[in-house]
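Coordinate analysis (summary)
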Amino acid sequence: MTPDKSIGRLSLYRRILNTIDDDSRRHIYSHELAAMAGSSAAQVRRDIMIIGYSGNPNRGYDIKELAESIGIFLDDEEGQFAALIGVGNLGRAILAYFSGRRPKLKITAAFDIDPKKYGRVIHGCHCHSFAELPVIVQKENLSVGIITVPAAQAQNTAEALIKTGITGIINFAPVRLKTPPNIYVEDIDMTMALEKVAYFARIHENGRLTH
Ligand code: NAD
């Protein structure tokens, strides 16, 4: 199986390639892409070998072709659909950001326990009662779950998602989920990131970092 770090880097390379909005250039060298991605040229070449794309050593990689090849490798041909659970502050921000952004990976259904949110369309996504989760997952063929509920509800939510057959979860709640080994979980802890950065910003400001 492809290592998940390579998958993460390929996703980053595609985003970088898609931002190169310069009609005068068609090609990019591995060392240029590496500099933009904070990686090494050798790492870029290894990652790109995984997807079976080869560039011309003299001209580099064709930017458009490489982005397309990464897409063929990363995206499901038929498209993949995600459910978001917990349409609060963070949930709504995520729906707003991803709305219309990725044709092959869409958040098509949101769920909450607040009846005031049932039946609403939030940034293009239908909000359902949480009780409808199993039916909608089957009906809309959802394969990814995004957890944006309060921490105390996260484990129950993960278990409910797994029961529907979902095998990939992004967890924004600050709890370590207990899940079976066949479930892929990515934890995103923004509070930890903010606290870490604030700590090191303070250390750097005070000139206390010696290396
Ligand atoms: P919020 O209170 O605004 O929203 C939570 C939503 O989840 C509400 O709409 C609530 O009705 C719903 N909910 C509660 N229990 C549920 C359940 N069992 N099933 C379905 N829906 C349920 O909270 P928030 O600020 O959006 O934060 C959500 C989660 O993300 C929290 O775990 C928080 O720690 C984490 N988080 C938030 C932020 C942020 O910037 N807001 C940043 C990092 C992490």
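Residues numbered from 1 in each chain as written. Predicted model: local features only at pLDDT ≥ 70, side-chain atom pairs only at ≥ 80, totals over all residues. Heavy atoms only, no water.

**Some words on helix H6 (residues 133-140)**
All buried positions along H6 are accounted for by Leu133, Ile136 and Val137. With its buried residues spanning 105 degrees around the axis, H6 presents them on a single face. Exposed side of H6, more than 90 degrees from the buried face: Val135, Gln138 and Lys139 are the residues found there. Where H6 is buried, its residues meet strand E3 (80-85), strand E4 (105-112), strand E6 (125-129), strand E7 (142-147) and helix H7 (151-163). (Buried < 20%, exposed > 50% of the residue type's maximum accessible area, 1.4 Å probe, protein only. Helix = DSSP H or I, 4+ residues; strand = E, 2+ residues; numbered from the N terminus. Arc of directions from axis to C-beta. Contact = heavy atoms within 4.5 Å.)

**Comments concerning the layout of surface pockets**
Here the largest pocket defines a volume of roughly 1600 Å³. Lining the largest pocket are 34 residues, with Ile7, Ser11, Leu105, Ile170 and Tyr184 sitting closest to its centre. Put simply, the parts of the chain that give the lining of the largest pocket at least two residues each are helix H1 (4-19), E3, helix H5 (89-98), E4, E7, strand E8 (168-171) and strand E9 (184-187). Here the lining of the largest pocket gets 6 residues from one element, more than from any other, and that element is H1. Grouping the constituent residues of the lining of the largest pocket by class yields 17 nonpolar, 7 polar and 10 charged. A volume near 270 Å³ is recorded for the second largest pocket. For the lining of the second largest pocket, the secondary-structure elements that each account for two or more residues are E4 and H7. (1 Å grid on protein atoms, 1.4 Å probe; cavity = no way out; pocket = protein on both sides within 12 Å on 5 of 7 lines; lining within 4 Å. Points joined across faces, edges and corners; volume = space filled by probe spheres on them. Nonpolar A, V, L, I, M, F, W, Y, C, P; charged D, E, K, R; others polar.)

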